[in-house]
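# Coordinate analysis (summary)
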Amino acid sequence: MSTTTAQVAPVADVTSAATHCPYCALQCAMVLNPADPAATGPVSVQPRQFPTNAGGLCQKGWTSSELLRTPDRITTPLLRGADGQLHPASWDQALDTIVVRLARLQAESGPETVAVFGGGGLTNEKAYTLGKFARTVLRTPNIDYNGRFCMSSAAAATNRALGLDRGLPFPLTDLAGADAVMLLGSNLAETMPPSVQHLAPVRARGGLVVMDPRRSRTAALTEDRQGMHLQPVPGTDLAVLLALTHIVIAENLIDSVYLDERTSGFETVRRSVAAWWPERAETVCGVPAAQLRRVARQLAAASPAGGGRGAYLLTGRGVEQSSQGTATVTATINLALVLGLPGRIGSGYGAITGQGNGQGGREHGQKADQLPGYRSITDPAARAHVAAVWGVAPETIPGPGRPAVELLSSLGRPATADQPAGPRALFVHGANVLVSAPNSGRVAGALDRLDLLVVCDFVPSETASRADVVLPVTQWAEEEGTMTSLEGRVIRRRQALPAPGQARSELWILAELGRRLGAQVAFATEPADVFDELARASAGGVADYTGLSHARLDDDEAASGPGFYWPVPAADHPGTPRPFQDRFATPDGRARMVAVNHHAPVDDVRPGAPIYLVTGRVLQHYQSGAQTRRVADLNRIVPEPVVELHPLLASRLGIENGAEVRLRSARGEAVARARWSDDIRPDTVFMPFHFAGTGSVNLLTSDATDPISGMPEFKVCAVDLSPVTDGGQP
Ligand SMILES: Nc1nc2c(c(=O)[nH]1)N[C@H]1C(S)=C(S)[C@@H](COP(=O)(O)OP(=O)(O)OC[C@H]3O[C@@H](n4cnc5c(=O)[nH]c(N)nc54)[C@H](O)[C@@H]3O)O[C@H]1N2
Ligand SMILES: Nc1nc2c(c(=O)[nH]1)N[C@H]1C(S)=C(S)[C@@H](COP(=O)(O)OP(=O)(O)OC[C@H]3O[C@@H](n4cnc5c(=O)[nH]c(N)nc54)[C@H](O)[C@@H]3O)O[C@H]1N2
Ligand code: SF4
Ligand SMILES: [Mo]
């Protein structure tokens, strides 16, 4: 046990900071001006010019600084006492408690008994340190993160097809030049509002195509100038894509020169889509064959081979959060390849990354199967490289751990004939799994089985409120670091004010825990130093940051411009806005086409559960809502969960507009207020996942996962609905 007392860092007075929004991957640029840096006054937020947001912010960005002063901000460590309540404690008490209990659990059950759950909101520096901490101090393979819920299907498909997963392998501003942009299961108008301005020229040309079972705000944007909204049966996007590819091939709209020069596997894909003629696909997905033909022809006309200005296919969570998410993204890439789009200026395929550092979060080693630099943890050369940076022997680095859903369900589970015991302790850094994980009733049971739950957060999220130890951390405006945006652009997060009370950076917490646990490995705590180390660890990897440092990023921004696109393999390298121009990142440089086929959702509609439930987001709230439910302006606009349903369905079920509805699935029940809307298919209801308690939609969702990516099927499951009568009883 430690004998030194944790020192509280001196408070620096900071005034104005040019930084980026704390929330989504668009990473809109803003300037923060604290009225009174050391005390509790308000902090003003002003947008600043940056290519992706072009001076815009959404409501969440404008109100982001309110959370810095939230009344229930956690400002001291908290320990659960004998009375079952959380009580303030000193850092020494909190860290020593963790160390003593971890040592006992690991002595009893081995190193793997400790698990770590990270987040795509952590800076690159924190994500890197967390992965290093798990592998070198805890020596556990069991680390994964909420990006598994977000980007894992797109990542798996893109890595397989193109050899490298950088969400958008082109600047976002490139979209404006295209004749067609097809958004598949993405609602940009609510999830990244300032990005929509880049689509304006495309819309003016009638080139916006949106595929969504709802007429979302984004789908509505197609109506001004003959764009198109495809409204498939939930979970059938793959059938749509197979049909579109069928049409492009059958009508000889393919780019044969490109297919010959830049791809492999076309023949197998051609055969695999042969049976997906549009009339057959229509019976599966409900999209009229004529509309499928129109879209295929429009995309082909927009493509370089068709003589157009270019076309983009972009996927969002609507098509990816599926038990066939990897296959659906693969089919999207196949369609893009037959049209000759990827790797061409003005055309391409991209996945729209979600969380603030959803891109960097999947590069630096907090994913179960990865080491820093987007290296594979099973690759001996990658292990040797990273081991040398960490100063450990390669064989001491554990192998791959369990992906998120499996990790969560294994917590506290006793050993059985065919499964080892699950972890007994869990560290959570930057996720609120009790609200955001699928089948959350089961997650609650798993968290209850733990011997030790440690949560680092700055607000008492639902998950933190269940913890044995809560450690208070800094918020975005109180720390330095880097984020990697949806474009793969590495940018600087800058500190505007000191952290309140005893809140500390996770870099310090992990270093201090490492020290108290007797780590032989050194942990830097200055973000710029951590960055230099992660750059070395990334050297020669796919996501190569070798040529970057905080100083270079700062100089660049002062000079011209904002951040560098990875890979940046040398200090004089300008960065790589469009990595696939000359070749793909596969061994032979060709894009790999892989045949895929369609199957129904795992939890499909049936008697007793005849309605599709789809889930997603609304503009005002962010993710589990842990942050935005604490922002008064946002909570006033959207104070409670609402279930969107078509008036035809509502009247059949006797559900009034504004009445309470009970939803039931094979996993559980939830209650929400009905909102009639003819923007949704009459066989489908929509509910956002931003709320906790009885209004939490993840009580209903399925934890079936994609066999390749481990992505849960958040988007589609089967439910029944009934009006709530007499005070909550059905
Ligand atoms: N306001 C807000 N913005 C955010 C976030 C937030 O929580 N709130 N989170 C950020 C993060 S982490 C992410 S990942 C992104 C997500 O950004 P998006 O992917 O744009 O968001 P979602 O609302 O999850 O899903 C998009 C659409 O998918 C549709 N959908 C549902 N099922 C299906 C289906 O079977 N097929 C098709 N084609 N579409 C379907 C939904 O109706 C929804 O309109 O947003 C980021 N931005
Ligand atoms: N039904 C349904 N469920 C979904 C989805 C869906 O579309 N439908 N989408 C999924 C997706 S795409 C995502 S990304 C996940 C997101 O799910 P979560 O990651 O659980 O969502 P957040 O609310 O962002 O949780 C982040 C938590 O970390 C805290 N935090 C923020 N920054 C830091 C930091 O730097 N350090 C620490 N220690 N804590 C920090 C916040 O206060 C908050 O409590 O949800 C998934 N769940
Ligand atoms: S779009 Fe995303 S990054 Fe921009 S202000 Fe809104 S939440 Fe912040
Ligand atoms: Mo996400």
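Small disclaimer: the values here were computed from a predicted structure and weren't measured.

## Things to note about the packing of aromatic side chains
For the coordinates displayed, the defined rule picks out nine aromatic pairs. Note on Phe149 and Phe714: the rings are 5.5 Å apart at their centroids and 90 degrees apart in plane angle, and the pair reads as edge-to-face. Pair noted here: Phe149 is in the loop between β7 (143–145) and α4 (152–162) and Phe714 is in the loop between β27 (684–688) and β28 (717–723), with a separation of 565 residues, a long-range link. Judged by relative accessible area, Phe714 falls into the buried class, the value being 7%. Every member of this aromatic cluster is reached through a ring pair, and the members are Phe117, Phe149 and Phe714. Sitting over the face of the ring of Phe686, Arg214 holds its NZ or CZ atom 3.6 Å from the ring centroid. Taking NZ or CZ as reference, Arg504 lies 4.0 Å from the ring centre of Trp508, over its face.

## Thoughts on empty space enclosed by the protein
Taken as a whole and judged by the stated rule, the model has eight cavities of 30 Å³ or more. In this structure, the largest cavity encloses a volume near 740 Å³. Forming the walls of the largest cavity are 44 residues, and the residues nearest its centre are Asn146, Gln355, Gly430, Tyr622 and Gln627. Residue classes in the lining of the largest cavity are distributed as 16 nonpolar, 20 polar and eight charged. Here the second largest cavity is characterised by a volume of approximately 550 Å³. Residue lining of the second largest cavity: 38 residues in total, with Gly185, Asn187, Thr191, Arg317 and Arg617 positioned closest to the centre. Every element with two or more residues in the lining of the second largest cavity is listed here: α5 (188–191), α13 (317–320) and β23 (611–616). Residue classes in the lining of the second largest cavity are distributed as 17 nonpolar, 13 polar and eight charged. Viewed by domain, the lining of the second largest cavity spans two of them, domain 3 (152–352) and domain 4 (611–723), each represented by three or more residues.

## Focus: the sheet that holds strand β9 (residues 208–211)
Pairing is parallel across the open sheet formed by five strands, whose spatial order is β10-β9-β8-β12-β13. A strand with exactly one partner marks an edge of an open sheet, and here the two such strands are β10 (228–230) and β13 (348–351). For this sheet the average axis-to-axis angle between neighbouring strands, irrespective of direction, equals 15 degrees. In this structure, β9 lies alongside β10, joined through three bridges in parallel fashion. Bridge pairing links Met211 to Leu230 in β10. Strand contacts of helix α14 (residues 325–338): β8 (180–184), β12 (311–315) and β13, with the helix running at about 175 degrees to β12, the strand carrying the most contacts.

## What about the sheet that holds strand β1 (residues 17–20)?
Pairing is antiparallel across the open sheet formed by three strands, whose spatial order is β1-β2-β3. Looking at the sheet topology across the chains shown, the edges are occupied by β1 and β3 (43–47). With strand direction ignored, the average angle separating the axes of adjacent strands in the sheet is 35 degrees. Strand direction decides the pairing type here: strand β2 (residues 29–34) and β3, joined by five bridges, are antiparallel.

## Details of the site of ligand 1
The local shell around ligand 1 holds 32 residues, among which Asp212, Asp237, Arg617, His621 and Gln623 are the closest. At 2.8 Å, a backbone N or O of Gly235 approaches an oxygen atom of ligand 1. Between ligand 1 and the protein, one listed contact pairs an oxygen atom with a backbone N or O atom of Arg317 at 2.9 Å. Calculation on ligand 1 without its partners gives an accessible area of 910 Å², and the protein chains cover 99% of this total. Spatially, ligand 1 is embedded in the second largest cavity. Of all elements in the fold, only α5, α13 and β23 reach the threshold of two or more residues within the shell around ligand 1. Ranked by residue count, the leading element in the shell around ligand 1 is α13, at three residues.

## Some thoughts on the pattern of salt bridges
For the structure on display, the rule yields 42 salt bridges. Across the pair Arg73 and Glu478 runs a salt bridge whose closest N-O atoms are separated by 2.8 Å. Here Arg73, found in the loop between α1 (59–62) and β4 (78–80), pairs with Glu478, found in the loop between β18 (469–472) and β19 (481–484); they are 405 residues apart in sequence, far enough to count as distant. With respect to burial, Arg73 and Glu478 carry one shared label: buried. The salt bridge involving Glu267 is made with Arg271; its shortest N-O contact spans 3.6 Å.

## Examining the domain arrangement of the protein chain
We note that the domain assignment places domain 1 (11–69), domain 2 (78–150 + 357–474 + 497–565), domain 3 (152–352) and domain 4 (611–723) within the protein chain. Spacing between the C-alpha centres of domain 1 and domain 3 amounts to 35 Å. In this assembly, twelve residues from domain 1 lie in contact with ten residues from domain 3. Regarding the contact of domain 1 and domain 3, the summed buried area is about 670 Å², with carbon and sulfur atoms giving 72% of it. Summed over the three residues of domain 1 that lose the most area to domain 3, namely Leu26, Thr52 and Cys58, the buried surface amounts to 48% of that side. Viewed at the interface, domain 3 and domain 1 are joined by zero salt bridges. Counting across the interface, domain 1 meets domain 3 through two residue pairs in polar contact (both at pLDDT 80 or more). Classifying every residue of the side of domain 1 that touches domain 3 gives eight nonpolar, three polar and one charged.

## A short note on the nonpolar core
Ranked by internal contacts, the top residues of the largest apolar core, which has 83 residues, are Met182, Leu313, Leu335, Val338 and Tyr545. Ranked by residues supplied to this core, first place goes to helix α8 (residues 237–250) with ten residues. Residues lining this core come from more than one domain, with at least three contributed by each of domain 2 (78–150 + 357–474 + 497–565) and domain 3 (152–352). If we ignore the near neighbours within four places in the chain, the residues touching Met182 are Val209, Met211, Leu230, Leu244, Val295, Leu299, Tyr312, Leu313 and Leu314. Counting 41 residues, the second-largest nonpolar core is a separate cluster that includes Val181, Val210, Ala496 and Tyr622.

## Section: the site of ligand 2
In the region of ligand 2, 32 residues are neighbours, and Asn146, Ser436, Asp457, Glu506 and Ser624 sit closest. Gln321 has a polar side-chain atom sitting 3.1 Å from an oxygen atom of ligand 2. At 2.6 Å, a side-chain N or O of Asp457 approaches an oxygen atom of ligand 2. For ligand 2, the protein covers 97% of the area, taking 920 Å² as the surface of the free molecule. For ligand 2, the cavity whose grid points lie within 2 Å of the majority of its atoms is the largest cavity. Broken down by class, the residue content of the shell around ligand 2 amounts to 13 nonpolar, 14 polar and five charged. A domain split of the shell around ligand 2 shows at least three residues from each of domain 2 (78–150 + 357–474 + 497–565) and domain 4 (611–723).

Cut-offs applied
Residues numbered from 1 in each chain as written. Chains lettered and ligands numbered in written order. Predicted model: local features only at pLDDT ≥ 70, side-chain atom pairs only at ≥ 80, totals over all residues. Heavy atoms only, no water. Phe/Tyr/Trp six-rings, centres within 6.5 Å; stacked < 30°, edge-to-face > 60°. Helix = DSSP H or I, 4+ residues; strand = E, 2+ residues; numbered from the N terminus. Buried < 20%, exposed > 50% of the residue type's maximum accessible area, 1.4 Å probe, protein only. Lys NZ or Arg CZ within 6 Å of the ring centre and 35° of its normal. 1 Å grid on protein atoms, 1.4 Å probe; cavity = no way out; pocket = protein on both sides within 12 Å on 5 of 7 lines; lining within 4 Å. Points joined across faces, edges and corners; volume = space filled by probe spheres on them. Nonpolar A, V, L, I, M, F, W, Y, C, P; charged D, E, K, R; others polar. Domains from an automatic or database assignment. Pairing = 2+ DSSP bridges. Axes fitted to C-alpha atoms, helices over the stretch in contact; angles between N-to-C directions. Contact = heavy atoms within 4.5 Å. Near = heavy atom within 4 Å. Polar contact = N/O pair within 3.5 Å; in protein donor to acceptor, adjacent residues only side chain to side chain. Areas by Shrake-Rupley, 256 points an atom, 1.4 Å probe, with all protein chains shown as cover. Sits in = over half its atoms within 2 Å of the grid points. Salt bridge = Lys/Arg side-chain N within 4 Å of Asp/Glu carboxyl O. Buried area = accessible area lost by both parts, 1.4 Å probe. Core = buried A, V, L, I, M, F, W, Y, C linked by side-chain atoms within 4.5 Å.

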